[in-house]
Structures are given as structure tokens and as C-alpha cells.
Protein chains: 4
Amino acid sequence: MADYIVLELIKSEGLAHLSYLVGNGTQAAVIDPRRDCETYISIAQSQGMQITHIFETHRNEDYVVGSVALQQRTGAKIYHGKALDFSYGNPLSEGDSFEFGSVILKVLETPGHTPESISLVLIDKSASDNPLAVFTGDLLFIGAVGRTDLFPERAREMAGLQYDSIFSKVLPLGDHVLLYPGHGAGSVCGSGMAKREFSTLGYERLYNQALQKKDRNSFIEMKLAEKPHRPPYFRKMEEYNQQGNAPVLPQLPTPSPMSAEQFKAARANGMLVLDVRSTEAIAGAFIPDSLALPNDLIPAYGGYFLSYDRDIGLVAEGQQQVETAVLHLMRLGYDRVKGFLAGGMRSWETSGEQYDQIPAVHVDKLVERIRAGADFILLDVRKEEELEKSGKLPGALHIFLGDLLEHIDEIPKDKTITTFCGSGQRALVAASLLKQNGFKTVEDSLGAMEACQAAGCPLEKVETAP
Amino acid sequence: MADYIVLELIKSEGLAHLSYLVGNGTQAAVIDPRRDCETYISIAQSQGMQITHIFETHRNEDYVVGSVALQQRTGAKIYHGKALDFSYGNPLSEGDSFEFGSVILKVLETPGHTPESISLVLIDKSASDNPLAVFTGDLLFIGAVGRTDLFPERAREMAGLQYDSIFSKVLPLGDHVLLYPGHGAGSVCGSGMAKREFSTLGYERLYNQALQKKDRNSFIEMKLAEKPHRPPYFRKMEEYNQQGNAPVLPQLPTPSPMSAEQFKAARANGMLVLDVRSTEAIAGAFIPDSLALPNDLIPAYGGYFLSYDRDIGLVAEGQQQVETAVLHLMRLGYDRVKGFLAGGMRSWETSGEQYDQIPAVHVDKLVERIRAGADFILLDVRKEEELEKSGKLPGALHIFLGDLLEHIDEIPKDKTITTFCGSGQRALVAASLLKQNGFKTVEDSLGAMEACQAAGCPLEKVETAP
Amino acid sequence: MADYIVLELIKSEGLAHLSYLVGNGTQAAVIDPRRDCETYISIAQSQGMQITHIFETHRNEDYVVGSVALQQRTGAKIYHGKALDFSYGNPLSEGDSFEFGSVILKVLETPGHTPESISLVLIDKSASDNPLAVFTGDLLFIGAVGRTDLFPERAREMAGLQYDSIFSKVLPLGDHVLLYPGHGAGSVCGSGMAKREFSTLGYERLYNQALQKKDRNSFIEMKLAEKPHRPPYFRKMEEYNQQGNAPVLPQLPTPSPMSAEQFKAARANGMLVLDVRSTEAIAGAFIPDSLALPNDLIPAYGGYFLSYDRDIGLVAEGQQQVETAVLHLMRLGYDRVKGFLAGGMRSWETSGEQYDQIPAVHVDKLVERIRAGADFILLDVRKEEELEKSGKLPGALHIFLGDLLEHIDEIPKDKTITTFCGSGQRALVAASLLKQNGFKTVEDSLGAMEACQAAGCPLEKVETAP
Amino acid sequence: MADYIVLELIKSEGLAHLSYLVGNGTQAAVIDPRRDCETYISIAQSQGMQITHIFETHRNEDYVVGSVALQQRTGAKIYHGKALDFSYGNPLSEGDSFEFGSVILKVLETPGHTPESISLVLIDKSASDNPLAVFTGDLLFIGAVGRTDLFPERAREMAGLQYDSIFSKVLPLGDHVLLYPGHGAGSVCGSGMAKREFSTLGYERLYNQALQKKDRNSFIEMKLAEKPHRPPYFRKMEEYNQQGNAPVLPQLPTPSPMSAEQFKAARANGMLVLDVRSTEAIAGAFIPDSLALPNDLIPAYGGYFLSYDRDIGLVAEGQQQVETAVLHLMRLGYDRVKGFLAGGMRSWETSGEQYDQIPAVHVDKLVERIRAGADFILLDVRKEEELEKSGKLPGALHIFLGDLLEHIDEIPKDKTITTFCGSGQRALVAASLLKQNGFKTVEDSLGAMEACQAAGCPLEKVETAP
């Protein structure tokens, strides 16, 4: 029995997804649970509480929401905004209110990120009937606001709704109100978030850059000028999270260890080899035709390159990396992880099978080459906004990593390609994609733009697209 | 990938059930898994192995075997002796053999405890093709042998089969062979086991008391003279473990916290209140009509007093006790744990509800009373073998705890009843049963026989039943 | 390396002491560390940070501060307010400022609770140079303010200073500023705290009852009217925390298991037997002359009854209770825990030694007795403020638990004494003290005032002392 | 209080060092504790036991024994063989005997590995007064016997003593006796151990290859023919373990995170950069002049290349690798780990600093080159016994890794050097040493001999040295 009010933030690293468990006495609610929902149950249990309510702030598009899974485990009821036709759960309207001991959660309809987005106001009735905190989902973040481009044909309308929700509904709750958003820095659901998980409405009102456009029209224009990327897996997430039909996994999947021989055979039968080791380890030796995606890139980039229709076999360094990969993948709905290479890359090497490497090129050398007019392609795969912010090396060809496969024909196959990004990590993914697509001479510039900045490379300014 | 041979003993406390995970390379087997089978998967996973085989040494009668549950999680195949018609799994015959890296497991048919009992011989083929260890199930324990009374009409035959299995099949494997049995001390499947989990065939051959009857007939007579108790829940276990139809629980049940009010209401609706706290805590205050069964007595005595057809509500001290109780109960197949009293006994006390206590009587006082010819009933609930071994207090009425409800009418309701056992713990259970059945004045002699022995109480010898 | 700003609250249960680890990049600070400081190191290490600074908001009087211990482990520098002559660490003045990646901590001198009290303002310079949060030590709590009675001769002055610190320094930081105080509900350093660990200056300005006296004089009068208790161990804590001379324990003490015989012998040699089990377990059976102090009462009441000059032997139920007791005791500076009774209370009972019980009396029975004018003493040991708030049973004798030993001669030894408090828990401590002091017939009213309220007992109003 | 006999094997991975905790009731002994001795205390505490005795089977030469550290924590007494003049602890003689509940440990003097080596016979007196198990230290392993070359001038004598100890003292305890040795496979204290941690004297008598020389002289000749390597750090271990003067570390060291800049500066001041990442990760990018020693090679090879007089800075992938490295290093007495590169290798790359790579050469390519008579050096760094067992590639130059620095002048600096070993891992260490010593063109053959065997490379037989 929780004597104190329990308010726990549960963060899914990589996705930078923030979910919450709030409770008091014997009852608790979970807001935007993730699919691997054991955590919430453990917390509730350790406090002698039962999870009775699950709230979704909106139909999440970037991960599989865990509401149905958590409901199966706990019997809790699911609630979400009434402005979308969900195939499960119960609709909420402005003013609906729920009690958990001394805690009251009260619904605000706050469209903008999506039409059905809601915010939940937290009241501690033992102290006051007025708001103490607010859960804003993807409407308002710490240091940023949510994206409003998910309904392209309604982009202007959504931006306006977001302005209204923030300025007329949320901020008026008061400067003193604690802010609990649905994402932190690194999420694909917004950009510019602060690297911090605590703030208040007053602090955001004053210092959140996105809230300094206090005029409705300027706010809308600001939002319309943004061009966030939309990974293809969003479609699957939207389906899952509207229909509630993502498979419920009673436990985390436990992929099987596979010998080098079994691994090779499975690959021959169509299994995708996914290498989740560090950039350096992959550069040092990898299985030809594998997809390089170091574990911490899976949440942001897995959805561009992975298919829901194909088995996956992991190359990892140790059991912990296998488990992290499985977790990241299942949060994006990729459940077909068939196995992992037992004994890691070394067992491949010692089996006599072929392996490949990616040479690394220091930025000093790049600068030299550029100065010397060397004949090579410097492929920069960063986001446009990064180029605009930091500039680029002279002569670099720019294709955003997420768009690389679409534009791969624009890259000459017979030249040396040196991939480039912020630190060299995404460049490795690009290098891997090029290798998979038949490019022979591919290098990665480890250190990349950050090394350029530290080393004082000559950079070109990149014009902001109109 | 397990470089070393992995051999892990997994013990279920209380039941004193010993299960094993054996593996090498990428494959592992589990022998006699328990129902909460997550442990095996974790161990295998941490070693980079996959569980591919499940062996049952026999149809276990004292707990729900976890084979089907573990199979659902891992896809492993199940195997057991061919002499019983199981509704699941695959039959094994003498000489069948399985490989896991350098480990070979080879089947011996070793009837005795049950007709289909098998033993599994472990060979490390990297060292020799000869036996290194043997898993004997309930045939041969450390310091004892398994019971042979489970088929009363075939008691003599089973005892003889057991003699043959031990003396003609298992012991001949060699003195140097390591022994891995299915139970340790405290199990209801045998008595006299050593409080130790390591031994060899040679050590047992030399020092196991039950193996000193080297003559077949004397061995059989020794076994026939034993009168082990047979808790009524065995029938359910036998059904579950033959049919394989125990419900598979994807996770451990998580009972809900219930307020004193909810708890009272549920009790009114037929929920059994099960108090799993320590003897002293129950003696200090308990809910009238609850069943007192401190957690560590559940495995041995739960099966006498609990019903499969009734909800259970727990009174515990802290979350850990709740979880232990749930574990003990589910291993016996009691899955209907509805909830627990949130806030523990104190929340009952502060709710204004009635509570009761059990007064404790020191053995000095008992002796005084007996000497003075006081008018009270001293009810000794130990097993007959304990009385035979240690004697009893003069005038004590003996009814074994497991038989108490059947014989409750033999106890006068209008007298003070002082319950008595080895240490006072089972006496408390007896006191609780008496209270539930309308006895008004009930006391418990904390310390009981052990205190008597320490204090030098005058004891009467008890004749061995013919 | 912490990419995100790390802000972790570390709570010491029982003391309701809140400490904090704040950091970014490779450096972190700890504010008001506890003596068992491993936690801070683990958190820092898991984030790739090093603890380089330790701040004390004031000379803590209710627990042994862990600054020196943490300094020995990490090499960090210690800082505290300059208005007290500490024998260790470095003095801080208004405006001093420290950087940890993007975090700035800036000193405010905020006397009131003590003269040298400081607050630390947190700034996230990546977002703004203005305050985001404030650590207020024992100046301002969530729902309450710190006590100002610790310098009795300067009571009025301290209350005034506190007013000024709160209203002229802290609240002006802005409504939007997050509040991180030094204690939560249950601490002996204040009363009326909210059962919640998140708030803002604005929320407190609006709803903290103690801040509604907005006039300086009324605020001072309010503070002067309070009469908080001051346990005798405060003197030791003040010495330790000013001199920095509490022994540094490299690890948590691990008391030795002692057989009943060893335990008895040690008791004969002066060891205090401290029983930390639950109220009910102690009531059910305890060792004569032991001090009953269930684990969760140690932080608030241990300092009244324990001596720094005497060995302590624990009676506990399981290893977890032993460890919790050791932790609670060492935080109060009680390091002489010699051992614990191996096998718990049962091993005492079975050794043939004497034990005692405390009968429980339901409030219904108390009311009956009072109505019938029965000849017994109802001893209410709650705090005066509790009596004033809830009233008392007619005829009850009131002596606050902390004052019981001083006033024990006022209680007639020849009568039945029934102890009483809020729930029955402190009443048990009182009963234990009476038993130790030769009272023969002592009972505890389990449920006590809360049961009275639930059951609707007739209560008398208690006049507020002028 | 341990009801059961507790016998826990505590394994130090890498060193393949096996230590044991044995106890019953309230007392326990530890045999050959490691320096990080918290584990033993935790196990004892969790079982309600106190560690009262510490036994050393001999003066260990391959790791810092933890006896003094454990004594400081527990107050236990230390014991070792009387035939060496230790500066701490108490001498043991044949027949000395110690009781822990029902466990008796009895001393056998069993010289051979060292003169003062003892074995400890375990008796469970509740079952029999005869031996149940024996702890043999480095006398007798599972599948092998200990080395007898540590006193070169007495080599023949020691081999003879070992024969006598095994054949006249240990084996006669009986085939049924369980064997608990001081090391497992991978230890530098013997070779040929089985990859298994359970055996009996009988099984060893029958199948341990080293025990098949049943004649004393043949046994001695067999031992004298062995040429085990003796890493230089043994001298330090021998000093520490005889004097008992290794520093006692109250906790595991926690190295500080260092920015790339700090790391570079410390390196300039003499800090050794030790790269403990995986072979592939190091091959992919490493800091010039660092020593490559993947974590799992530290126990066996750290003692060849590390100095006790120099600070160490780690390059690792994640906190876990840092902690593992610290553990491995402190077990060998390397306590000067100053810090680790915060953010790992990537932070070095992005700082603009230079990095290097090691190209990998597949064995197919090696064979091609050899066939084509290419001008390169194939440097095989395996142990002589490995070459004798598996052969070598034609033309390979053989220098054992541990001897590489001594013989480095024998390798031509102007040629391409391709390093080679069993799997490519030690080859990477060799490549790193060559790079540090000014070799420009260095490659590593990942997969190495194992890949050769899988791929069917042509191999040359290597003659056994006479």
C-alpha cells in the first residue's frame, strides 16, 4: 500500500520514450506504457499497488504501445482520446477524472500532434484541488514541442490546434505546474528537446525556444517550416496502436544461439543478418551482406531498413547486446528475431567463413584529399538540419541516411566512397548499406563532423531550404 | 555458448525439490523442471545455450511439474519413462541416449518409487565413455531412498523393484559416480535424507542407512514397515503430471492488494484467509477463522488443508512474504490467490475489525501442569516416527497434524487445549484449525519438544507400532 | 559520460531523509549524503561520472552525514555554509558557484533552521542562466517548513531568519522553480510534510499551509508555538556532523549470528537485546527484558532509548530484517551491533529459555472497560499534537513515548496498564519499556486510535496548550 | 543459520581460480579466497553464517590471495601449510582438524606443486567419520595435475613429492570421494584441465590422463618434460602471498572517467593506455601506442606486459568492460588504474585525435600468399604445445606471445608482419606490441589456426622438443 504518492518515470532508452506510473494507496495508473510492460507491474507490486488504469496520451506512431499487453497482465482498463476510432479501450472527454488515493487525474483534450491527443492533469487533493503537474504526451516537450506533420493535408490546422492546446489549455494551468512529457531528447517525435527530464510549465513558457513564437501565426509558420523525417515503420505502429492488434508477448523473446554453420544456413534461407555491435567492432570485422546497425541506432533507424516479413539473426558481442537488440526491436514491433551467432563474431572467423572490414579515414586525411582534388565520393548522411547548423565539408554529396536506399543509384559504383556523418556511427550504417548493394570500395570517416570541428577543418555553409 | 559443461542444481525450498540444468555448447537439458520455469531459461540464456530437451525422472506426485510450461517457452521436447501412459511427451527406453556438446545423457529404467521411474546417466565424452554422474529422481536420495508406498496394492513389488534398480543398476555404475537425486531433506517423498546436496554412489553405498540392508528381503521388509503420510493433494498432482493439463502460467501470479474492507467482503464471499506470517506474528494477532500456515510450512502441509476450489486471500508481512506464498502455492497447483491484505495485519487492526491471539505456554509450565494433574488436553501433532524417536510428554494426546481434521471430534471442545509439536510451529497450525472449528481455549507450546529436550522435561517412550 | 543531466533523489526510508546526486558530463555533486554512501558511487559510476563535490545544506542533527565517508571513497571536496565552524570541509558564501557540464549550482545563504543553512540553486545553462530548481535542505519542505527551535535561546531570531530566507530569497526565484528539500513526511526535522516528493516553489507558495502566514510576525508566532520533540541522540549527531569525526565504515557492518546460548551469555555481559520484529511478532513472543523497537520505528525512536556505549544484539525475522536494522542504526551512529540471534526467536524458544507475550486488547473492550469504570491504566503515548488533533479516550493518562522513562514513576506499578497510541505500534514499545521496568501486567491495544476512529469510540477533546 | 551443509564454489573467470566456502550452522570457512572477497561475506551472511576460518592450500603464485583482506572484514583466522615461512596466519600440520557444525575439515600435507601445499579432507560427521570430499589446491585438478616447475632446482624432487601426495595420500581416500581443486581449465597453474567443475577421486584415478603414469619414475619424467610458461608477475604474487602485504582494498577501485583531452594529457605523463575491448573493436580503431589486451586475455597475459610501477588508463566499451578490467587487474595486483576514456573510443575519434586500425587477413589469403611465395612474415605466437598439437602454416615464424618483447629484434621491421595464433585474439595482442615497437605494416589473421582447420589449410607438423 503506497503511503506516499508514487510517480515514477520509466524511460525507454533510444526511443527516448517516457512513460509514467502514478499511484497512491492500492491503485495505480500507467501513462503510455511500452510493450515490455513487466517494469510497471514490478513497480506497482513493490509498492503494494494494483494497476487499474492505462492512459494513452495519443495513438503513438513511433513504438508499439503496451496497453493491451499490460491489460492482459493486470486487468486494467485502457483509456484514450475520443477523437480517434480505436478498436480497443474507452474514449475520454475533456474533464473526465479518475481517483487513485489522494491523486486525481483529469483529462484535457489537447489536439495538435494528433487530433485525439490528450493531456492529463495531476492533482494532489490532500494539498489542493488545483493542478500540481501535467502529462502532455507529444504536445509539449522539455525544450521543444511535438511534431505536427503527421497529417500532411491538415498540417496548418494541426499546427494551429497545437498552438491553442499549449497556449490556451496547458500553459494557463500555471507556471508552478510540473511538466511530464512523452519523450526526451533523441526521439523521432520532435527535435530540440533538452537533455533533462525535469521542468515546469513556467520554465518552458520562459525558456523553451519553440514557445517564444507567442503569436499564433508565427508559431504555425515555424511548425510548417519543419521537415521531420518519417520512417516507414510508422505505418505499422499506427496500425498496431489504433487496432490494438500487436501480438502480446508474455515474455521478452529469447532468441536461440546458432552455430556459425546454422547461422549461415539460415541466412541462405532468407534470414537478415543484423549486426548490432559497436561501430568499431563492425569496422574491424563483419559478415558480408549483413546490415550494420549498432544497438543504439536501432530505435531511430531500424524502422528505415528492417522488414516485418523477414527473420532476423543477430551478430552481437555478449548476451547483453543480444538482449538489448531484442528489446529495441520488439518495441518497434520486430518480433522475428530467430537467433544470434553463438560465440559472437569470433566463432564466424574461426569457422573459416569470409568476413569483411571497413577502413577508417581520419578527417585530416579527408581534408588533404579534398585539397588535392582526389577522385572519391564523400557521402554525408546527416539530416538536413544538421548540415544547416554545422555546415559541411567541401564537395560532399548529401543524402540523408534514411533516404539512402531510395537514392542509391545516384552514387557512382566504381569510385571510392567515404561515408560521413556526425560522429562516424551513422556513416558506418551507410557504408554497410553500400556494401550490401554492391559497392566495392567503401570507407567510413570515424570522428566525422565532430572531429572536423575539433580539428578545425574548413567547412562550407549550407543554405536553409526556403 | 557454454565452453564448460554446465551443471546447475535448482532447488525449490520447502519442497526440497531438486531439478537440474545440464548443457554444453549451445544446447541444454532440464531434468524435472518446476512450474515456475523462468529460472532455467535465464540460466541457459546467460550461458548462450538453448533448452532443447526436458526429462522427467517419473510422474512427480508432490508438485506440479513444469515440463509443459517450459516446452511452451522454449520449444524443447519432453521425455519420460515409457511404463506410464502420459498424455504428453515422448517415451524413453533403457539405453536411449542424447548428446549436448560433450555431454551424453543415457537412460536407465529404474522402477521402484513408481513403475515408470528412470535414471539418467551423465557421460563426459571428452574424458571417457564411462559414467561420471547419475540423476536418480526419487529412487535414491542422499542418505535415504525414495518411498515405495504410492501403489499400496503393489507395495511389496515396488519395494523389490526399487532394490533391484538400486543394487543392480545404479550402484554398479561405480563408487566414483556423482549422485544427483530429485529431492533433499524435508521432502514428503522420503525421510531421513541428509542435509547436504553432494554425494557419490560410493559414499551412499557405504553410509546411506537405507542401503545397509543389503539383502533383498530385509530391504523389502524395511520399506514395508514405513508408513509415510500421503497428503490429499497428491491426487491432483498425479492427474496434472500424467495429463500435462496444469494451466500454464506465463508469469508468476501477482495477487492484488485488498483493503481491510475488501478483504472482509471477499471473505464473506467464500475466500479462505490464509495467514502465512511467522508463528510468533500469528500468535500475536490474527484474523478470526483464518488458516494459519507460516510460509515454510506450505510445501509440506498446504496440501492437507487447502482446496483447489476456493479463492485464497493472504495475510503476510511485506511483499516478499506474499511472493513466497504465491510461489509455494502455485508449485502445489493452488492458483486461486485472489489478493492479499494491503498494509498487512496492522491495517486489519486499525480498521476496527476483531482479531484473536494464541497464548503461548512454556514447557516448564506444561510439566508443572502435568505434575499437578491439571485438567487440560496436551495435543501432540507430530508424526508417529517423531514420537517413536524422541518420546512424548506424559498424558499427551497424539493426532498427526495432517489427520487432525478427520479426528477433530475426538477432542473435547470444552477443555483448554494446548497444542504441541517439534518446535511449536505445527502446533500453531493445529491451534488455528481448532479455533476455526469452534474450540474456545487453545494455547500453543512454543519451543515444544526441542525445548523439552533442552530443558530436560520428563518424557515417556513411545512403542513402535508393530 | 552523462549526456543527459542526471538528478537522482536518494531517500533514506524512516528518516525520510532526501539526498541528491546531480551531474552532467563526467562530474557529479552529492547534496547531503548519508553515511552508507555506496549508493552515490554506484549511480555516478553507472553514468560514467565522478563525484567531485559534496554539499551539506546545514549541520544535520538527525542523522550522521556521510560527507567524510564519501570523500574518502571519491576524493571529492566538501562544502558547507560559512556561518558555523566545521572541523572539516570548505566554507561557502552567497553567490559561490560550481559547474558540472551544463549544470551550475549556486549558493544562497538561507539561515533559519540553523544559522549556517544554505540553499543551492540549480541552473541548466544550456537552456537559460536563470534558476530551474532549488535544493533547500531543512528550510522549506513540501507542505511544511523546517523547525526553528534547535537554538532555544535564539528561537525568535531563527524563526525570523527563516521567514526572510523563504520569503525574500527562495520564493522570489520564481513560481516555476522545482523544489528539492532535505526531508519528506515522517522526518523528525519538521511536521506536516506532504507524502509526495515533487513540488515547485509556486505550488508551495500557494498551498503550503506554513507559507500562508504571509506576515513576518504571524509566521514567527506560528513557529514559536510549535513544540517539536528533540531526541537525546541529536547531541551526538551535532557533534559528529560538526567535527566530522563519525567513524568511517568502509562497508556496512555485518553482525555475527549468535546461538541462543551465546546470545544469553552476551546479554549477561551487558549487551542490549533489541527486538526489531513486527509488533505482532513481538507481542506473540519476545525475550524478557529486551527492548521492542520494530524496524520502522528505529529512525524516529531509536535515538530516545539506545545508548552509544552499549553492545546491541538483534532479534529479527530473517536476514533482511537484520540488515535493515543495521542500516537504520548506523545512520543514527549506533555502530555497536554485536550480533543477532541465529535462527530467530524460534531458536530461543526451542532452547528452553523463557519468553514473554503482550496480550492485545481490542478498542471495543477498552470502551467497555471505561464504561464499566474498570480499574486499569490506559496509557496513551502519542505526541501532544496528535491528541490535540484527534482527541483521546476518556480517562487516558498521557505520557509521550519519548518521555516515558523520565515519567515512569508516575505510573502505578500494581495495576494493569494498557498502552495506546495511533495504531498500537508505539504502544508496544511503551509496553516493552514498562515490562523492562518491572511492570507485571501490561497490555497493548492493537489498532488503537485508528481503530477507535473506525469503530466510532467516544472520544474526548484535548485542549491546545496555551 | 545454515541448516544444510553449504558448499559453494566461487570461480574467478579468466584465472579459472576456484575458491570454496564451506559451512554449517553458524560458522563457515573459506578456502583460497580471492582478493575481492565481498562475495564470500555475502554468501555467508545470506545463510546466517560467520566466516571464522580461512585456509590457503598453498602460497598461490598466479593471483593475489584475499586472506588478509577477508580477515580484516570478518576477524577470521588464517591457516596454511607449515612448510613455508609465511609472515601472517597460522601453520597447519597433518591431521589438524576443524569443525563447522556437522562439517569437519582435516589437514593432509600434500607437497608437490609447492612444498607447503596442503589438502583439506571434508567429513560430514552426521553421516560418517570417513572422507566425503577433498580440496586439493593445485595438487590435483580435474583432468590434470598441478605444475611442479616452480622451484627449478628442485624440479625432480617436487615431481616425486607430487606423485607421493596424489598416489599415497589423496587417491587412497577412496574412489567415492568428491574432488574440489584450486583451478579449472584455462589456468596458468596447469594444462589439460577438463572443462568441467565436478569430479571424484575415482573418476580421476580412472580417466585423468596425468594419473595414467602409475609408475613413480614415469610420472616424474612426464612432469620434467613439461615446460610451462612463467609470467614475470608471479614474482610479485609470491611476495604478496608470502608476506601478506598486498594492499587491502576496502572496495573495488572505481577509476575516474577522463575526457579525451585528460586522457591524452595523462598518457603524455606516462600513463599506459590499455585497450580491453574485443579483438574486432580494437582492430576497427585504437589509440596509437596503446596496449591491446581484450578483457578475457588479461588474466593469462596481463602479467607479461603490465608494470606495477605505471598508471593505467583504460579504453573500454561501456561501464561493464571497465569494471571487468579493474577486477581482472586487481586480482593480479595491478591497482594503479587511474581512469578510463569517458565515452569510449568514439570520444577519442570525435575529439579529432589520431587513431589506427589493424587489417585482418583471412586464412585463404594467407595460404595464397604462402603458395605464391609472397614476401611477408607470418608470426605465430601460440604456445609450443599448441604447435606440437596442431601443426603450423608453412614458413611461419614462431615466437610465444609471452616472449615476444624479448625476441622482438628477431623480426624484420621493414616487412609486412601478419600475426597468427589460435583464433586471432592473441595475434591482435602481438600486432599491438609490434605497432608499439615501431613496426609499420602489421596485420592480424582473424580466425587463425581454427579457421585453418575448418578450411583445411595445408599444415606442417611440428616436432616435439626433446
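In what follows, the structure referred to is the one given above.
In this report, we go over the structure that sits alongside the text. In this text the structure is predicted, and so the values were computed from the model without any measurement. (Residues numbered from 1 in each chain as written. Chains lettered and ligands numbered in written order. Predicted model: local features only at pLDDT ≥ 70, side-chain atom pairs only at ≥ 80, totals over all residues. Heavy atoms only, no water.)

On inspection of all chains with the given rule, the structure shows 72 aromatic pairs over all chains. Ring geometry for Tyr233(B) against Phe234(B): centres 5.3 Å apart, planes inclined by 75°, an arrangement best described as edge-to-face. You can call Tyr233(B) buried: its relative accessible area is 2%. The structure contains a cluster of three or more aromatic residues connected by ring pairs, namely Tyr301(A), Tyr304(A), Phe305(A) and Phe400(A). Between Lys11(C) and the ring centre of Tyr4(A), over which it is positioned, the NZ or CZ distance is 3.3 Å. (Phe/Tyr/Trp six-rings, centres within 6.5 Å; stacked < 30°, edge-to-face > 60°. Buried < 20%, exposed > 50% of the residue type's maximum accessible area, 1.4 Å probe, protein only. Lys NZ or Arg CZ within 6 Å of the ring centre and 35° of its normal.)

Once that is clear, we can look at the pattern of salt bridges. Residue and element names in this part refer to chain B. Overall, the coordinates contain 108 salt bridges over all chains when judged by the stated rule. A salt bridge links Asp-335 to Arg-35; the nearest nitrogen and oxygen atoms lie 2.6 Å apart. Of this pair, Asp-335 sits in the loop between helix H10 (319-331) and strand S16 (337-341) while Arg-35 sits in the loop between strand S3 (27-31) and helix H1 (38-46), placing them 300 residues apart in sequence. Residue Asp-335 is classed as partly exposed on the basis of its relative accessible area of 25%. We classify Arg-35 as buried; its relative accessible area is 5%. A salt bridge links Arg-331 to Asp-36, with the shortest nitrogen-to-oxygen separation between them at 2.8 Å. (Salt bridge = Lys/Arg side-chain N within 4 Å of Asp/Glu carboxyl O. Helix = DSSP H or I, 4+ residues; strand = E, 2+ residues; numbered from the N terminus.)

Many analyses report the size of an interface as the accessible area lost when the parts associate. Each side of the interface is counted separately: chain A has 34 residues, and chain D has 34 residues. Buried surface at the junction of chain A and chain D, both sides included, amounts to about 2500 Å², of which 46% is carbon and sulfur. Area buried by chain A at its contact with chain D is led by Glu280(A), Arg346(A) and Tyr355(A), which between them contribute 23% of it. At the surface where chain A touches chain D, the tally comes to two salt bridges. Among the secondary structure elements, those contributing two or more residues to the side of chain A that touches chain D are helix H8 (279-284), helix H11 (344-350) and helix H15 (448-455) of chain A. Looking at the side of chain A that touches chain D residue by residue, the classes come out as twelve nonpolar, 13 polar and nine charged. (Contact = heavy atoms within 4.5 Å. Buried area = accessible area lost by both parts, 1.4 Å probe. Nonpolar A, V, L, I, M, F, W, Y, C, P; charged D, E, K, R; others polar.)

Turning to the interface of chain A and chain B, a few remarks are in order. Contacts between the two partners involve 20 residues from chain A, matched on the other side by 20 residues from chain B. Here chain A meets chain B over a buried area of about 1700 Å², counting both sides, of which 54% is carbon and sulfur. Three residues, Gln45(A), Gln251(A) and Pro257(A), lead the burial of chain A against chain B; their summed loss comes to 31% of the area buried on that side. For the pair chain A and chain B, the interface holds zero salt bridges. Remark: the boundary between chain A and chain B carries eight residue pairs in polar contact (both at pLDDT 80 or more). Broken down by secondary-structure element, the contributors of at least two residues to the side of chain A that touches chain B are helix H1 (38-46), strand S12 (256-258) and helix H10 (319-331) of chain A. (Polar contact = N/O pair within 3.5 Å; in protein donor to acceptor, adjacent residues only side chain to side chain.)

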